[in-house]
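# Architecture and fold: a report
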Amino acid sequence: MNKAAALNTKPTYDVMKVRADFPILARQVHGKPLVYLDSAASAQKPRQVIETISRVYTSEYANVHRGAYFLSEHATAAYEAAREKVQAFVNAASVKEIVFTKGATEAINLVAATWGRKFIKAGDEIVLTAVEHHSNIVPWQLLREATGCVLKIAPVRLDGSIDIAEFAKIIGPKTKLVAVAHVSNVLGTVLPVREIAELAHAAGAKLLLDGCQGIVHEFVDVQDLGCDFYVFSSHKLYGPTGIGVLWARLELLEAMPPYQGGGDMIDTVTFAKTTWAPPPAKFEAGTPPIAEAIGLGAAIDYLNSLDRVAAAAHEKDVLRYAMSSLAQVPGVRLIGTAPGKASVQSFVMEGAHPHDLATVLDRSGISVRAGHHCAQPLMEILGVTATTRASFGIYTTMQEVDALIAGLHKAQQVLL
Ligand code: C6P
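Criteria and cut-off values
Residues numbered from 1 in each chain as written. Predicted model: local features only at pLDDT ≥ 70, side-chain atom pairs only at ≥ 80, totals over all residues. Heavy atoms only, no water. Axes fitted to C-alpha atoms, helices over the stretch in contact; angles between N-to-C directions. Helix = DSSP H or I, 4+ residues; strand = E, 2+ residues; numbered from the N terminus. Left-handed = near helix turned anticlockwise from the far one by under 90°. Contact = heavy atoms within 4.5 Å. Nonpolar A, V, L, I, M, F, W, Y, C, P; charged D, E, K, R; others polar. Core = buried A, V, L, I, M, F, W, Y, C linked by side-chain atoms within 4.5 Å. Buried < 20%, exposed > 50% of the residue type's maximum accessible area, 1.4 Å probe, protein only. Domains from an automatic or database assignment. Buried area = accessible area lost by both parts, 1.4 Å probe. Salt bridge = Lys/Arg side-chain N within 4 Å of Asp/Glu carboxyl O. Polar contact = N/O pair within 3.5 Å; in protein donor to acceptor, adjacent residues only side chain to side chain. Phe/Tyr/Trp six-rings, centres within 6.5 Å; stacked < 30°, edge-to-face > 60°.

Let's shift gears to the packing of helix H14 (residues 354–363) against helix H16 (residues 398–415). At a minimum axis separation of 9 Å, H14 and H16 run at an interaxial angle of 115°. The two elements H14 and H16 cross, and the hand of that crossing is right-handed. Contacts from Asp 356, Leu 357, Val 360 and Leu 361 of H14 reach H16 at Leu 404, Gly 407, Leu 408, Ala 411, Val 414 and Leu 415. Grouping the amino acids of the contact of H14 with H16 by side-chain chemistry returns eight nonpolar, one polar and one charged.

In structure tokens, the structure reads:
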């Protein structure tokens, strides 16, 4: 058994068995076996999720919350069961705290447009970090335009870690909200969110966690994390696109005005006055993404069917192997080396633009992301315009890391 194969084998985690659940991983790209190393952008889907969505549309589909007939009642029960699965997955205190959105981006915009417009005033401060994704920057800039609030940015060290002492200096009596990534999509840093929660709450501020990458690699217990809002997208969690989650403590959701008006979010409507349904319906105007929500539920069932501790350990092993292998490629510099990081690895290669590198790797069947990763301010701080990023999931093998390394050596011959 070679080194890579040996590292793949764990008594409790059979990565090849997991891979067999993901039909797309068997395909070829440009005549080469697919090596999919872009799960941080969007994860591939297991057969169990694909079959659930197919089954919904084949035999179980109708609109929800509206029909007094069998199919509609069935679809409603399945949609609401998906909400319960999410509740259990993140350990929310109540199923009423789970709002379905179309993704993390919409969830953050929802908080900014509702809670933000109601509770943030001119001069109030919102604290972000330098590692944020545009989805956790731009909604707050829109709020700044609307309210005159101030955005303050906590710095990141060059290795990608957050200096909590520096963070503490940014938070003050005017801080009303701290909005940070749970895990950085560029650096893989797992932010010290419990310490950040303590700092935020000591200042009387709320904490929003952008859990887009966090929910994938960490065990999320929203009550234990001490946050007030937690958002994520299904498509990075092996579920379908078009569905995401906003979790917020119930009293916050109750105090927030609606985001959009329409069907399903009302209690009574007259031309003179409309009253709202209680959360979560208040925030789910219109026909929701029904099959997508049920598909997310199937993704959660799938993840729960695995040994998740072993899966997480496998991902960490892949990351460690990738970091040490990449570091040995001449001219490669790792971007993001904070201790305890999640399995996302950015790098630059001397003399090769990340986009060219990604294109050459693609010819070998290897899918990686290149660019600014929707984190342009972070790129500026790191002094790069772009990076190449390999990100790993529950199905990534050590041999795929070897393929990446071989692809990089090949790219050096082509590009340098
Ligand atoms: N990051 C990446 O390749 P949406 O698009 O709403 O599903 O997720 C937005 C988002 C928000 N926060 C973080 C930390 C993210 O990583 C993402 C999505 C992808 O890194 C696509 S840009």
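Once the structure has been displayed, the description carries forward.
If you look at the biggest cluster of nonpolar residues, it comprises 74 residues, and the most contacted ones within it are Tyr 230 and Ile 394. Top element by residues in this core is helix H12 (residues 290–305). It accounts for eight residues. If we skip the residues at most four places from it in the chain, Ile 394 touches Tyr 13, Val 15, Val 18, Phe 22, Tyr 238, Tyr 302, Leu 303, Leu 306, Ala 311, His 314 and Glu 315. Residues Tyr 321, Leu 326, Val 332 and Leu 404 belong to the second largest nonpolar core, which totals 28 residues.

Here we come to the domain arrangement of the chain. Each domain of the chain was delimited in the assignment, giving domain 1 (3–30 + 307–415) and domain 2 (50–304). Between domain 1 and domain 2, the contact holds 35 residues from the first and 28 residues from the second. Of the roughly 2,500 Å² buried between domain 1 and domain 2 on both sides combined, carbon and sulfur atoms contribute 62%. One can count zero salt bridges joining domain 1 with domain 2. At the surface where domain 1 touches domain 2, the tally comes to 14 residue pairs in polar contact (both at pLDDT 80 or more).

Moving on, we come to the packing of aromatic side chains. The full count for this structure, using the stated rule, is eight aromatic pairs. A ring pair is formed by Phe 22 and Tyr 302, whose centres lie 5.8 Å apart and whose planes are at 80°; its orientation type is edge-to-face. Here Phe 22, found in the loop between helix H2 (15–20) and strand S3 (28–29), pairs with Tyr 302, found in helix H12; they are 280 residues apart in sequence, far enough to count as distant. In this structure, Phe 22 and Tyr 302 share a single accessibility class: buried. Plain terms: the ring middles of Tyr 79 and Phe 100 are 5.3 Å apart, the flat faces sit at 55° to each other, and that makes the pair tilted. Of the two residues, Tyr 79 sits in helix H4 (residues 70–90) while Phe 100 sits in strand S6 (residues 98–101), which places them 21 residues apart along the sequence. There is no split in this pair, since Tyr 79 and Phe 100 are both buried.

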